[in-house]
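Chains, contacts and geometry: an overview
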Amino acid sequence: MFKGNCAQCHAINDVVVGPALAGIAKRRPISWLIPWIKNSSKVVASGDEYAVKLYNQYGKQQMPSFQLSDAEITSIISYVTAEEGKIAGPPGGATGIAPKDGAETPGTADAGASSSTIDLLLIILVVVLIVMVVTLVIIANIMKDVLRGRKDLDGRDVEQIEQRFDFAKIYRSPIVRGLAVGLFVLVVLYESVQGVMAIGLTQGYQPTQPIAFSHKLHAGEHQINCAYCHTSVYKSKSANIPSANICMNCHSQIKTESPEIKKIYRAIERKQPIQWVRIHNLPDLAYFNHSQHTQVGGIECQTCHGPIENMEVVYQYSALTMGWCINCHRETPLNTKGNGYYNNLVKLHGTANGAAPFTVSSNGGTECSKCHY
């Protein structure tokens, strides 16, 4: 909960956009922190001395409101208290040290060395084979020259030695011509079918966006949780496009002189939404619910969207076809532990199918009406 709601602007022991949170439970009582986190602007507007001082100290940067319960806020404060004083290393393995640009971790270095060794062996093998073929051709020619010098050869031996490979004869063969025509027809037919099947598919689509937003920088390097910007991804049918005010939570203070950030300022001044170009777009005839997959199913964003944290410019990673979805439903097992609703279904499934996993398809996930109604 801390990473999903707080870590974008706060660290426990360091000042980021907002103050460091270490010692927060000592500075303010929980009875003050709960209303502050739920609606800080209301606390500031009430004239609370500490709230106004904090608001002014950090450039009048308004902290967004959070729809969290009292228990959830208390849990976050408990986590902060437990983590106080700890030195948290950056991501990058067991040592907590991220490799520098261009550097490799031991695992990647070993994998790279193994791959290089295999490539070298293949190259050596190819060279040896070429040398052997050339050697055999040379030996064959030498033997022919030796045989030509002999005078005790009959006509059939001479004919065998002087035999030449006739490519024209092979080309004129009806069988070869038939195979060539058949292969050509199959290639044309295959490409035609593939072209027809690809109509409406946009896998690999990578449009230029009005603002050069980098997921690699935000979700990868800074590890901003997806739900911070796409706020409805765990609770709604659609993963919303972030509004400009979410960008301003950080960029009212960070990189304010950047030409790309100034585009956000202009959109806000003109009271116009940023015209982002949609990338992932399912046809209207197919029903899809984000929260059902992310919240209920526990599916990670990368399962469908690919390595989004490594993309400078986002593109459509998966095919998002009907067959692609059905295969996922057939292969993905349902997490039924602790959910009494599935007890009888899992029991019946086990009786009928033995050790086969209870997948989404086993629960009716490939029925037409699940997505088309």
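What counts, and where the lines are drawn
Residues numbered from 1 in each chain as written. Predicted model: local features only at pLDDT ≥ 70, side-chain atom pairs only at ≥ 80, totals over all residues. Heavy atoms only, no water. UniProt positions renumbered as here; feature names shortened; annotations may be inferred. Helix = DSSP H or I, 4+ residues; strand = E, 2+ residues; numbered from the N terminus. Buried < 20%, exposed > 50% of the residue type's maximum accessible area, 1.4 Å probe, protein only. Contact = heavy atoms within 4.5 Å. Salt bridge = Lys/Arg side-chain N within 4 Å of Asp/Glu carboxyl O. Phe/Tyr/Trp six-rings, centres within 6.5 Å; stacked < 30°, edge-to-face > 60°.

This next bit is on the UniProt feature "domain: Cytochrome c" (unreviewed entry) in the protein chain. Following the UniProt record, the feature "domain: Cytochrome c" (unreviewed entry) maps to residues 1-84 here. The distance separating the terminal C-alpha atoms of residues 1-84 is 17 Å; by composition the span is 55% helix and 0% strand.

Note that H329 resides in helix α17 (residues 322-331). Residue classification places H329 among the buried residues on the basis of a relative accessible area of 16%. Discounting chain neighbours no more than four positions away, the residues touching H329 are H293, T359, V360, S361, G365 and T366.

According to UniProt, the "transmembrane region" (unreviewed entry) feature falls on residues 120-143 and 179-201. Within residues 120-143, the helical portion is 100% and the strand portion 0%, while the C-alpha atoms at the span's ends are 35 Å from each other. With 83% helix and 0% strand, the stretch residues 179-201 has end C-alpha atoms that lie 33 Å from each other.

Moving on, we come to the pattern of salt bridges. Applying the stated rule across the entire model yields three salt bridges. We note a salt bridge from K38 to D70, for which the minimum N-O separation is 2.7 Å. Of the two residues, K38 is situated in helix α3 (residues 30-38) and D70 in helix α6 (residues 70-83); the sequence distance between them amounts to 32 residues. A relative accessible area of 40% places D70 in the partly exposed class. A salt bridge links E257 to K262, with the nearest nitrogen and oxygen atoms 3.7 Å apart.

Turning to its location among the elements, H290 is positioned in helix α15 (residues 290-296). Of the residues examined, H290 reaches a relative accessible area of 18% and is grouped as buried. Sequence separation between H290 and A219 is 71 residues; the distance between their C-alpha atoms is 19 Å. Apart from the residues within four sequence positions on either side, H290 is in contact with V233, S236, K237, S238, A239, Q295 and H305.

All told, the structure shown has six aromatic pairs when counted by the stated rule. Measuring from centroid to centroid gives 5.5 Å for Y287 and Y373, while their planes differ by 50°, and the two rings are tilted. Residue Y287 is found in the loop between α14 (259-269) and α15, and its partner Y373 is found in the segment after α19 (368-371); the two are separated by 86 residues along the sequence. Relative to F358, the ring of Y342 lies with its centre 6.2 Å away and its plane at 70°, an arrangement referred to as edge-to-face. Taken together, the residues Y342 in the loop between α17 and α18 (343-353) and F358 in the loop between α18 and α19 connect sequence positions 16 residues apart. Classification of F358 by relative accessible area gives buried; the value is 9%.

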